Protein chains: 2
Amino acid sequence: MKKIINHPDHIVKDTIEGFVKAYNDRIEKLEGSQVVVSKDRKDDCVSVIIGNGSGHEPACIGFVGKNMLAANAYGGIFAAPSPDTLYDAIEATHTEKGVCVLISNHAGDVINSKMAMDMAQDDDMVCKGVILYDDIASAPKGEEVERRGTAGTLFNYKITSSYAAEGHSLDDVLVMAEKVRDNTRTLTVATVPGTSPITGYKMFEIADDEIEIGMGVHGEAAAHNMKIDTAEAIAKVMCAKLIEDKPYVSGDEVAVLVNGCGQTTYMELLIFYKEVEKLLAEAGIKAYKPAIGNFITTQEMGGIALAFCKVDEEMKKQWSKETNAPGFKL
Amino acid sequence: MKKIINHPDHIVKDTIEGFVKAYNDRIEKLEGSQVVVSKDRKDDCVSVIIGNGSGHEPACIGFVGKNMLAANAYGGIFAAPSPDTLYDAIEATHTEKGVCVLISNHAGDVINSKMAMDMAQDDDMVCKGVILYDDIASAPKGEEVERRGTAGTLFNYKITSSYAAEGHSLDDVLVMAEKVRDNTRTLTVATVPGTSPITGYKMFEIADDEIEIGMGVHGEAAAHNMKIDTAEAIAKVMCAKLIEDKPYVSGDEVAVLVNGCGQTTYMELLIFYKEVEKLLAEAGIKAYKPAIGNFITTQEMGGIALAFCKVDEEMKKQWSKETNAPGFKL
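The shown structure was predicted, so the numbers you read here are calculated from the model rather than taken from an experiment. (Residues numbered from 1 in each chain as written. Chains lettered and ligands numbered in written order. Predicted model: local features only at pLDDT ≥ 70, side-chain atom pairs only at ≥ 80, totals over all residues. Heavy atoms only, no water.)

**A short note on the packing of helix H6 (residues 231-245) of chain B against helix H7 (residues 266-282) of chain B**
Residues and elements named next belong to chain B.
Alright, step 1. Remark: H6 packs on H7, axes separated minimally by 9 Å, with the N-to-C direction vectors making an angle of 50°. As far as their axial angle goes, H7 and H6 are oblique. Note on packing geometry: the crossing formed by H6 with H7 is right-handed. Of the residues in H7, those touching H6 at Ala231, Glu232, Ile234, Ala235, Lys236, Met238, Cys239 and Ile243 are Ile271, Phe272, Glu275, Val276, Lys278, Leu279 and Leu280.
Alright, step 2. In the contact of H6 with H7, the residues fall into 11 nonpolar, no polar and 4 charged. (Axes fitted to C-alpha atoms, helices over the stretch in contact; angles between N-to-C directions. Helix = DSSP H or I, 4+ residues; strand = E, 2+ residues; numbered from the N terminus. Parallel < 35°, antiparallel > 145°, perpendicular 65-115°, else oblique. Left-handed = near helix turned anticlockwise from the far one by under 90°. Contact = heavy atoms within 4.5 Å. Nonpolar A, V, L, I, M, F, W, Y, C, P; charged D, E, K, R; others polar.)

Below you can see the structure in the form of structure tokens.
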């Protein structure tokens, strides 16, 4: 395995140590727990937090900061954090207004987050959760709640957290989280598998001349494969599916995420964005401030996750507000 | 070739079209020329610009913005922009205070930049150039001027440009550019080759169990290879060479760049940074605000460029000043 690491058993610990050393002007790690917290979190606002497996960096440690997450509870590589770890994140960031726990829809994350919230509520903390699902390839229309949480959850990390930092009530923050989720759709194309940093094995296989449409963030089975084609042709397939699913309609304005899955170059992301913007324009849909880069990765996997979030003025304001989170930039 | 592009002949055009569409709130392209300019450039300040080959994105289009470059003249894939293109960049950003042309030390960039400056001076524009060299693997100590420009040139794009935006004279800006260069050293380790987006061929070969220390940004021959080893061992070799070359000494403070060459994960960059910070501390050298991420890439090449720049209070101020350049974030 050609990864620049020390020992597979220490990957997560070493990653976090590097992260906290690099960004100790704005980030700190909880002593004795796998939680990083923002030094800029506000005592008089709802704290928005999330737990997730490691191996997707910068997600989600990189989204902790001003106008973004108050904390991130991180697990092992591709493994949800324990209920205790999530509890620690809730406890560390709890305010009188409460804590909003965002939960990306994967079995371990959902179960452990719910247990942690139960424990916190038993200890008289105010906290509520919102399950995020956005991947249209993982369950058909009408069964949205069965869908996986994938790259489009980023809209929630930014918009809902920024909104919470204005001092809104927990109920209002939860409404915003659901609104962002319900306006978000994501679809991922994979070109090249990533390598597990623990086993050194490829995470899945793709034929040399094929790409997979609908891959999950851990290499979960794709909806279908197609022959490798131009950026224009790939964007056409993906935009059509996303626009049809929501549906997004003429007159809508959408924030766009062109998320590199790992080894896909910024050059390719920009070429792909050009095609996406054109297709949206043809459908009468306006693209708003795209996020283009590696945000939620699957190691060095090749591919792009494309996500749209229909936005109104309030959501636009929160999406574009400045942040010092190390992993986010518009 | 599994790249998400349209046609190899249109890569650069498509990339720039996507870039300008994505960031038209702050970037514009010169009509009829391969130049992108910052909408935030100041009429009463020296403009700092650079020309470079494409294929290294976000370098250098992504470094155009407030407190960074006033313009970037871009060439074809791994090919210097023409003198005419560089002239256009000088002309578009020229102010009464003049233009500072940063030149990364590669034959084409140097020749074409000098021709462009001659043309601009003939047309009564004030412009002067500074050749940047930082790669300690490409020429021995004492022959610094023969060294290639590699990832460490990023320190100049940020610090010198930020300084220029305060209104200093061209002479002062040139002094700063030379100061930043003379305090910078870079060394690159390559693990996996990148693929030329034009030919579809791997750009070089590395044995499965080896890594190359001293690779250039276009896959230029490395100083030596070693067996793949731990992040700690690799950092030790690289830090020792960098520290010895300058030399950096106990009491120094250095801005650090841990630059991903393409497919290396943020996880690995953070693990590597942890080791670098420790080694610097052991040498009595303090790390200042590291830049960790993909800044100057060689397609999907695996590897890390490590660069140090010894900084004083003035340089620290300019390094950390906010910017809206899409490709830069601390």
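**Remarks on the interface of chain B and chain A**
Alright, step 1. Contacts between the two partners involve 64 residues from chain B, matched on the other side by 64 residues from chain A.
Alright, step 2. When the area that chain B buries against chain A is broken down by residue, the three leading residues are Lys2(B), Ile4(B) and Met267(B), summing to 18%.
Alright, step 3. On the surface where chain B and chain A come into contact, there are 6 salt bridges.
Alright, step 4. Of the charged contacts in the structure, one is a salt bridge between Asp25(A) and Lys289(B), with a shortest N-O distance of 3.1 Å.
Alright, step 5. Across the chain B-chain A interface, the total number found is 30 residue pairs in polar contact (both at pLDDT 80 or more).
Alright, step 6. Put simply, the parts of the chain that give the side of chain B that touches chain A at least two residues each are helix H1 (11-22), strand S7 (184-192), H6, H7 and strand S11 (286-293) of chain B.
Alright, step 7. Top contributing element to the side of chain B that touches chain A by residue count: H7(B), with 11 residues.
Alright, step 8. Looking at the side of chain B that touches chain A residue by residue, the class counts come to 31 nonpolar, 12 polar and 21 charged. (Buried area = accessible area lost by both parts, 1.4 Å probe. Salt bridge = Lys/Arg side-chain N within 4 Å of Asp/Glu carboxyl O. Polar contact = N/O pair within 3.5 Å; in protein donor to acceptor, adjacent residues only side chain to side chain.)

**Structural notes on the packing of aromatic side chains**
All names here are of chain A.
Alright, step 1. This structure, assessed with the given rule, holds 12 aromatic pairs over all chains.
Alright, step 2. For the ring pair Trp319 and Phe328, a centre distance of 5.4 Å and an interplane angle of 75° mean the geometry is edge-to-face. An identical accessibility class is assigned to Trp319 and Phe328; each is buried.
Alright, step 3. Ring pairing ties together the aromatic residues Phe155, Phe295, Trp319 and Phe328, which thus form one cluster. (Phe/Tyr/Trp six-rings, centres within 6.5 Å; stacked < 30°, edge-to-face > 60°. Buried < 20%, exposed > 50% of the residue type's maximum accessible area, 1.4 Å probe, protein only.)

**Some words on the pairing of strand S2 (residues 35-38) of chain A**
Residue and element names in this part refer to chain A.
Alright, step 1. Here S2 shows no split at all, with Val35 and Val37 on one side and Val36 and Ser38 on the other all buried.
Alright, step 2. Hairpin connection from strand S1 (residues 27-29) to S2: 5 residues lie between these consecutive antiparallel strands, with Gly32 at a positive phi of about 75°.
Alright, step 3. Looking at chain direction, S2 and strand S4 (residues 71-77) are connected through 3 bridges and run antiparallel. Its bridge partner lying in S4, Val37 is registered against Ala71. (Pairing = 2+ DSSP bridges.)

**Points about the sheet that holds strand S9 (residues 224-227) of chain B**
Residue and element names in this part refer to chain B.
Alright, step 1. The 6 strands lie next to each other as S9-S8-S7-S12-S10-S11, forming an open sheet whose pairing is mixed. The two strands at the open ends of the sheet, each matched to only one other strand, are S9 and S11. Ignoring strand direction, the axes of neighbouring strands in this sheet form an average angle of 20°.
Alright, step 2. Examined bridge by bridge, S7 and strand S12 (residues 302-310) share 8 bridges and lie antiparallel to one another. Paired with Thr188 across the two strands is Ala305, which belongs to S12.
Alright, step 3. Most of the contacts of helix H8 (residues 313-320) go to S11, to which it runs at about 25°, and overall it touches strand S10 (253-260), S11 and S12.

**Description of the side chain of Thr264(A)**
Residues and elements named next belong to chain A.
Alright, step 1. Position of Thr264 relative to the elements: it lies in the loop between strand S10 (253-260) and helix H7 (266-282).
Alright, step 2. Within the local environment of Thr264, its side chain forms a polar contact with the backbone nitrogen of Gly303, the two atoms lying 2.7 Å apart.
Alright, step 3. In contact with Thr264, not counting residues within four places along its chain, are Leu269, Asn294, Met301, Gly302, Gly303 and Ile304.

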